[in-house]
Structure formats: C-alpha cells, structure tokens
Amino acid sequence: MTQRIAHIALLVKDYDDAIEFYTQKLDFILLEDTRISEKKRWVMVASPGAKECSLLLAKAANEQQTKSIGNQTGGRVGFFLFTDDFWRDYNKLTAREVSFVRPPAEFEYGTVAVFKDLYGNLWDLIEPNENNKGLMIK
C-alpha cells in the first residue's frame, strides 16, 4: 500500500491576504484557487520544490475555527520550512519584514530560526546540517 500526506489545512481569515503572504513573502507557488461557493474556495499553495505536500488555505467558517486562526498548534512550532541555504532565505524573509520570534541558532541537526506567518502560526526555517540532509525531501 502507498500512502502520502497530500495537503495540510491551515485556517485563514482571508483567502487573498493569505495568498499574498505565502506567494509574496515566502515565494510559495499558488497551485490552485477554485471557487466552490460564494463563501468557499479551494486554495492550495506549496513551497518551491515541494513534491507531495501543499497547504490548503481554509477560510474559517465559524466562531470555533476563527478562534484557532494563528494558534492551530497550541503555540508550538507547527510548520517546518526546509531550505538548502539558510542565510539566503533568512535574509530574504527579514528584508520582506517577516517576523522572526527566535533568532538563528545552530543545533546538532542544523541551523534554525522561528518566524510567524501573517496570523501568528509559528514556523521553523531550517537548513539541516550535512549529517541530517536525509531529513530533506528529495
């Protein structure tokens, strides 16, 4: 049997604001933006080089979902953006005024810094070191 994670839903307040952040700040690619109804769209974005998994930007549809925007993982880092050049991407994101909440640090597995997306969800920007390059999807 073959299985894979295809999409991860990310609650957003506004489709267009989320598309702009992910495509303009993080250089993600807009894979699809299909209107399903007057209030609902099927919006998928993915990081450059992604082979299997994408983010499904899902506009909150009720009060409970709205309360979870920006805190889908209870304040933990919930998303991990791997890079092949940490400093290139860190400097680019900083210049684009992406908010880093933890500065770059070296760990046994690589270089990492934590940033917030436009709603406050926490992301690791990480470049695995040579011993951990197998962590990156090829």
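Every value quoted in this text rests on a predicted model; they were computed, and no experiment measured them. (Residues numbered from 1 in each chain as written. Predicted model: local features only at pLDDT ≥ 70, side-chain atom pairs only at ≥ 80, totals over all residues. Heavy atoms only, no water.)

Quick notes on the UniProt feature "domain: VOC" (unreviewed entry) in the protein
Point 1. Listed under "domain: VOC" (unreviewed entry) in the UniProt record, and renumbered for this structure, are residues 4–128.
Point 2. For residues 4–128, the end-to-end C-alpha separation is 22 Å, with 22% helix and 42% strand making up the annotated structure. (UniProt positions renumbered as here; feature names shortened; annotations may be inferred. Helix = DSSP H or I, 4+ residues; strand = E, 2+ residues; numbered from the N terminus.)

Things to note about the pairing of strand β7 (residues 110–116)
Point 1. Counted residue by residue, β7 has six buried out of seven residues, so it is predominantly covered.
Point 2. The pairing of strand β6 (residues 100–107) with β7 spans five bridges and is antiparallel. From the neighbouring strand, A105 faces β7, where its bridge partner is V112.
Point 3. Between β6 and β7, which pair antiparallel one after the other, the connecting turn spans two residues. (Buried < 20%, exposed > 50% of the residue type's maximum accessible area, 1.4 Å probe, protein only. Pairing = 2+ DSSP bridges.)

Section: the sheet that holds β7
Adjacent strands of a sheet form backbone hydrogen bonds with each other and so pair up, either parallel or antiparallel.
Point 1. Taken together, four strands build an open sheet; the order of strands is β5-β8-β7-β6 and the sheet is mixed. Of all the strands in the sheet, just β5 (77–82) and β6 have a single pairing partner and so form its edges. Pairwise comparison of adjacent strand axes, ignoring direction, gives a mean angle of 20° for this sheet.
Point 2. Sheet topology note: the β5/strand β8 (residues 122–128) ladder contains five bridges and is parallel. Bridge pairing in β8 places F80 opposite D124.
Point 3. Against the sheet, helix α3 (residues 86–95) engages β6, β7 and β8, with an angle of about 170° to β6. (Axes fitted to C-alpha atoms, helices over the stretch in contact; angles between N-to-C directions. Contact = heavy atoms within 4.5 Å.)

Notes on the sheet that holds strand β3 (residues 41–46)
Point 1. In space, the four strands of this open sheet follow the order β1-β4-β3-β2, with mixed pairing throughout. Every other strand in the sheet has two partners, leaving β1 (7–12) and β2 (29–35) as the edge strands with one partner each. On average, adjacent strands in this sheet sit at an angle of 25° to one another, irrespective of strand direction.
Point 2. By the bridge criterion, six bridges tie β1 to strand β4 (residues 54–59) in an arrangement that is parallel. By the bridge assignment, H7 is partnered in β4 with S54.
Point 3. Along the sheet face, helix α1 (residues 15–25) touches β1, β2, β3 and β4 and points at about 155° away from the line of β4.

Some details on the nonpolar core
The tendency in soluble globular proteins is for nonpolar side chains to be buried as a group.
Point 1. Counting residues in each nonpolar core, the largest one holds 28 residues, and the members touching the most others are Y22, L55, L57 and F115.
Point 2. Of all the elements in the fold, those that place two or more residues in this core are β1, α1, β3, β4, β5, α3, β7 and β8.
Point 3. No other element matches the five residues that α1 contributes to this core.
Point 4. Two domains each donate at least three residues to this core, and these are domain 1 (1–60) and domain 2 (75–133).
Point 5. Filtering out sequence-adjacent residues up to four positions away, F115 remains in contact with L26, L81, L93, V98, S99, F100, V101, N121, L122, W123, D124 and L125. (Core = buried A, V, L, I, M, F, W, Y, C linked by side-chain atoms within 4.5 Å. Domains from an automatic or database assignment.)

Topic: the pattern of salt bridges
Point 1. Per the counting criterion, the structure on display carries eight salt bridges.
Point 2. Here D16 and R41 are joined by a salt bridge, their closest N and O atoms 3.0 Å apart. Residue D16 is found in helix α1, and its partner R41 is found in strand β3; the two are separated by 25 residues along the sequence.
Point 3. One salt bridge in this structure joins D89 and R88, with 2.9 Å as the shortest N-O distance. (Salt bridge = Lys/Arg side-chain N within 4 Å of Asp/Glu carboxyl O.)

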